[in-house]
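Overview (structure and organization)
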Amino acid sequence: MPLLAIVTTRSGGRGVTTEAVIDAIGISKSYQRGKPVLNDVSISLKRGEMVALIGASGSGKSTLIRSLAGLIPIDGARDGKASGQITVLGQAIQRGGRISCSRTLRARIGVIFQQFNLVPRLSLLTNVCFGLLGRLPTARGTLGRFSDDDKRVAMQALARVGIAEHALRRANDLSGGQQQRAAIARSLVQGAELLIADEPIASLDPASSRRVMDLVADMNRQDGLTVLVSLHQVEYAMKYCPRTIALKDGKVAYDGPSSALTPAFLNNIYGAESEELFLPNFGAVPEPDGGLHWSDPQAAVNGNGHWSDPPTVVMPPASTVAMTRPHAKAGRLTA
Ligand SMILES: Nc1ncnc2c1ncn2[C@@H]1O[C@H](COP(=O)(O)OP(=O)(O)OP(=O)(O)O)[C@@H](O)[C@H]1O
């Protein structure tokens, strides 16, 4: 697909297919020997899915995201235990504790971080052009010589994320939300097929968070990008992602529909942190069986729901809402 088409396509979502875009089998990661931060984790994402990764602080979300993106090596075979394997877009990105990510494969994976990862003293335009590096001849890319066509593509991406007027401003002169939108524009010009985002809204105010999540959801629906996004606030996971994977102590504690998550389960996952997680008026209401469902399903789907930014709400005590069998069936519930 031509680059301009990648940035401007509005042809409608491509839906979820059966093709696995991420396939991680039995992966573990220890920063210190004998203390695994990820412990035998297996997950699979199909093309076109938008999946949230949630879990308490320290549960291993960033470690999993970085492992899947081929940024840190997972554990190799150890103590008689076979090593895990990660396949992304049909290619082994990690095997036996060794990263084997080609330049071509890396160009197909967009990665967004909480701290934006822009070059602070360079313009937004140049930062977005860096997304083209995986596609340019090495010499031109290394010298950072971008053609008028390259800049046109970057401008289109900046226009799509709504910050074209700031193209020539230095990245560090812009707000966090604008910088994150520039990082998204960089993934757009990159032509990524898979977007892996590590707490992209963790340092943003609610309005900026919604804009960023709306853009990510738009890339999923309109461009067919497969998205894995780690989120601290569960409400965003429930609003934007049909499926949620929850980590607890480095293991998959839940993998299933976001709508089947219950306050009791979330209390279990987050413990004392849980009171900070829920914002009311997102449209999520408890069902009699303890699940959370959207009062306006269309709002959940198209991101046009009514939003407000009220103070945090205290979740009901775990004992008041029991996890019932239908949820265990709907998702893979192991916590
Ligand atoms: N580079 C590192 N060296 C040593 N330990 C690390 C390193 N990175 C993370 N850890 C540890 O691994 C555990 C999981 O960290 P990780 O950042 O993956 O969790 P997280 O779920 O993303 O947390 P948060 O929501 O706070 O970002 C934590 O105990 C953390 O201290």
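Residues numbered from 1 in each chain as written. Predicted model: local features only at pLDDT ≥ 70, side-chain atom pairs only at ≥ 80, totals over all residues. Heavy atoms only, no water.

Positive phi, close to 70°, is recorded for F116, a residue that is not glycine. Here F116 lies in the loop between β7 (109–113) and α4 (124–129). (Helix = DSSP H or I, 4+ residues; strand = E, 2+ residues; numbered from the N terminus.)

Turning our eyes to something else, we now look at the sheet that holds strand β1 (residues 20–32). A sheet is described by the order of its strands in space; here five strands give the open sequence β2-β1-β4-β5-β6, paired in antiparallel fashion. The open sheet has two edge strands with one neighbour each: β2 (35–46) and β6 (98–99). Where strand β5 (residues 91–95) lies against β6, two bridges are found, and the strand directions are antiparallel. The partner of R95 across the bridge, within β6, is R98. Contacting β1, β2, β4 (85–88) and β5, helix α2 (residues 61–68) runs over the sheet at an angle of about 60° to β2. (Pairing = 2+ DSSP bridges. Contact = heavy atoms within 4.5 Å. Axes fitted to C-alpha atoms, helices over the stretch in contact; angles between N-to-C directions.)

So, about the site of the ligand. Neighbouring the ligand are Y31, V37, A56, S57, G58, S59, G60, K61, S62, T63 and E199. Measuring from a nitrogen atom of the ligand, one finds a side-chain N or O atom of Y31 at 3.5 Å. The separation between an oxygen atom of the ligand and a polar main-chain atom of S59 is 3.2 Å. For the ligand, the accessible surface in isolation is 630 Å², of which the surrounding protein chains cover 54%. The residue inventory of the shell around the ligand, partitioned by class, reads three nonpolar, six polar and two charged. (Near = heavy atom within 4 Å. Polar contact = N/O pair within 3.5 Å; in protein donor to acceptor, adjacent residues only side chain to side chain. Areas by Shrake-Rupley, 256 points an atom, 1.4 Å probe, with all protein chains shown as cover. Nonpolar A, V, L, I, M, F, W, Y, C, P; charged D, E, K, R; others polar.)

Working note: regular strand, side chains alternate between the two faces of the sheet. Among the five residues that make up strand β9 (residues 226–230), five are buried, leaving the element largely enclosed by the rest of the structure. Neither face of β9 is left uncovered, since the one carrying T226, L228 and S230 and the one carrying V227 and V229 both have all their residues buried. Strand direction decides the pairing type here: strand β8 (residues 194–198) and β9, joined by five bridges, are parallel. Within the sheet, the bridge partner assigned to A197 lies in β9 and is V229. On the question of chirality, the crossover connecting β8 to the parallel β9 by way of helix α8 (residues 206–223) is right-handed. (Buried < 20%, exposed > 50% of the residue type's maximum accessible area, 1.4 Å probe, protein only. Right-handed = clockwise from strand over helix to strand, strands pointing away.)

The next point concerns helix α7 (residues 176–190). A rise of 1.5 Å per residue sets the reference length of α7, with its 15 residues, at 21 Å; its end C-alpha atoms lie 21 Å apart and thus fit the reference within 8%. With 14 of its 15 residues buried, α7 lies for the most part within the structure. (Expected span 1.5 Å × (residues − 1).)

All right, on to the packing of aromatic side chains then. The final tally for this structure, using the stated rule, is three aromatic pairs. Centre to centre, the rings of F130 and F146 are 5.9 Å apart; their planes meet at 65°, and the pair counts as edge-to-face. On the criterion of sequence distance, the pair formed by F130 in the loop between α4 and α5 (138–143) and F146 in the loop between α5 and α6 (148–160) is long-range, its members being 16 residues apart. Residues Y236 and Y240 carry aromatic rings whose centres are separated by 6.5 Å and whose planes lie at 5° to one another, so their mutual orientation is stacked. A residue pair is termed a helical-turn pair when its members lie 3 or 4 positions apart in one helix, as Y236 and Y240 do in helix α9 (residues 234–240) at four residues. Residues Y236 and Y240 agree in their burial class; the two are buried. Directly above the ring of Y240 sits K239, whose terminal nitrogen or CZ lies 5.6 Å from the centroid. (Phe/Tyr/Trp six-rings, centres within 6.5 Å; stacked < 30°, edge-to-face > 60°. Lys NZ or Arg CZ within 6 Å of the ring centre and 35° of its normal.)

Bringing the environment of L124 into the picture now. Within the secondary structure layout, L124 lies in helix α4. Accessibility expressed as a relative area gives 0% for L124, which makes it buried. Residues within four places of L124 in sequence aside, it is in contact with L118, L158, I163, H166, A167, R169, A171, L174 and A182.

Following the criterion strictly, the structure yields nine salt bridges and no others. One salt bridge in this structure joins R47 and E19, with 3.0 Å as the shortest N-O distance. Of this pair, R47 sits in the loop between β2 and β3 (50–55) while E19 sits in the loop between α1 (3–8) and β1, and the two are 28 residues apart along the sequence. Judged by its relative accessible area of 18%, R47 falls in the buried class. By relative accessible area, E19 is classed as partly exposed at 39%. Between E193 and R108 there is a salt bridge, with the nearest N and O atoms lying 2.6 Å from each other. Within this pair, whereas E193 is found in the loop between α7 and β8, its partner R108 is found in the loop between α3 (103–107) and β7, the two being separated by 85 residues in sequence. Judged by relative accessible area, which is 23%, R108 ranks as partly exposed. Among the ionic contacts, a cluster of salt bridges with common partners joins E19, R47, R108 and E193. (Salt bridge = Lys/Arg side-chain N within 4 Å of Asp/Glu carboxyl O.)

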